[in-house]
Amino acid sequence: MADSYQPSSQGSNLPKYFHHLSQTYTHQTGNSTRNLFAQIAHRVAPISSDSIIHDNASGPGTATGVILSNLPPDVHPQIVATDMVPAMIDAFKSTEFPGINPNHITGIVMKSETLAFPANHFTHSITNFSVFNFADPSICLREIHRTLKPSGQAVITTWKRFGIGEVVHETQRRVRPDLPLMKFSGPDMYSADAVVDVMLRSGFARDKIDFVSMETVATGEDLDGLRAFAEGQFTESARRGWTEEEKDRWGVVLGDVLEEERERFGGVRFEGWAVVATKGDEQ
Ligand SMILES: C[S@@+](CC[C@H](N)C(=O)[O-])C[C@H]1O[C@@H](n2cnc3c(N)ncnc32)[C@H](O)[C@@H]1O
């Protein structure tokens, strides 16, 4: 059974967590990572049939789906998706990406710390809502920089407000304010400044880095998916140390908090940062 995110600790349960989440990822994330990336897709540098795009720590191919849905039908870039969790790559391979020659799409199980690609290889390197999962982001960002072609573009997104995490924490506070809040991955990376800081240490130049914020509100089926996520096994550690009676109240109190979130924002509100950088020609 999956436990909460504990990515930076030794013996991380992150691969197990994402293995379990892989089959229901899109639903149980309320499409949040897709909808946020869709908002900054216009910041991705122009893509041609000569482009070689890396969807890094791809999950089921969230960024790939957005990129392909925006391409003219006669443009066929190469896309390589990598993720350390085999079930995520299986999900990527079983996803239909309409309009693209299947020979142009590859999914490979690979850790972002050790990218098995040559230097100066990709024209675009996208890391969508995964940087906070990396145990050592600077190792992974050095790999992103190394594998990008000169003038190639890196896009790295992170949370500004992880909406469902806020809901889970508020639910915990209402029942057992005395116990620790559930840990989510790498909150120290939930800011553009933190990502920029690591990029600067990974070879990118300050004058070639820009960032922008984005937001989305999950409603309807997306909200149902988030509720399923928050109610179930993925938030088990939020109820650690609770009595059975307290655990029985989780669904009701969660419903109250979700309703308040809906009254406040119209649904569960997620905010993100996108950091966009170009690799210098001289590097
Ligand atoms: C929050 S999900 C984001 C997935 C996808 N990029 C998206 O936009 O929805 C984080 C993903 O990063 C992957 N991941 C975490 N750490 C990784 C690492 N060190 N190397 C490769 N993949 C990693 C996980 O398996 C998971 O699929």
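What this report covers is the structure whose coordinates are included nearby. Since this is a predicted model, take the numbers as computed values, not measurements.

### Thoughts on the pairing of strand 4 (residues 122-127)
Then, number 1: For strand 4, a buried count of six out of six residues is recorded, marking the element as mostly surrounded by other parts of the structure.
Then, number 2: Relative to strand 5 (residues 148-161), strand 4 is paired through five bridges, and the arrangement is parallel. By the bridge assignment, Ile126 is partnered in strand 5 with Val155.
Then, number 3: A crossover links strand 4 with its parallel partner strand 5, the connecting element being helix 6 (residues 137-147), and its sense is right-handed.

### A closer look at the side chain of Asn31
Then, number 1: Secondary-structure assignment places Asn31 in the loop between helix 2 (25-28) and helix 3 (32-40).
Then, number 2: A polar atom in the side chain of Asn31 sits 3.0 Å from the side chain of Asp222.
Then, number 3: Residues within four places of Asn31 in sequence aside, it is in contact with Thr26 and Asp222.

### Some remarks on the packing of helix 9 (residues 220-231) against helix 10 (residues 244-265)
Then, number 1: Viewed as axis vectors pointing N to C, helix 9 and helix 10 meet at an angle of 145°, and their least axial separation amounts to 11 Å. Helix-helix and strand crossings are classified by hand; for helix 9 and helix 10 the assignment is right-handed. Touching Leu223, Arg227, Ala230 and Glu231 of helix 9 are Trp250, Gly251, Leu254, Gly255, Leu258 and Arg262, all from helix 10.
Then, number 2: Looking at the contact of helix 9 with helix 10 residue by residue, the classes come out as five nonpolar, two polar and three charged.

Calculation rules
Residues numbered from 1 in each chain as written. Predicted model: local features only at pLDDT ≥ 70, side-chain atom pairs only at ≥ 80, totals over all residues. Heavy atoms only, no water. Buried < 20%, exposed > 50% of the residue type's maximum accessible area, 1.4 Å probe, protein only. Helix = DSSP H or I, 4+ residues; strand = E, 2+ residues; numbered from the N terminus. Pairing = 2+ DSSP bridges. Right-handed = clockwise from strand over helix to strand, strands pointing away. Polar contact = N/O pair within 3.5 Å; in protein donor to acceptor, adjacent residues only side chain to side chain. Contact = heavy atoms within 4.5 Å. Axes fitted to C-alpha atoms, helices over the stretch in contact; angles between N-to-C directions. Left-handed = near helix turned anticlockwise from the far one by under 90°. Nonpolar A, V, L, I, M, F, W, Y, C, P; charged D, E, K, R; others polar.

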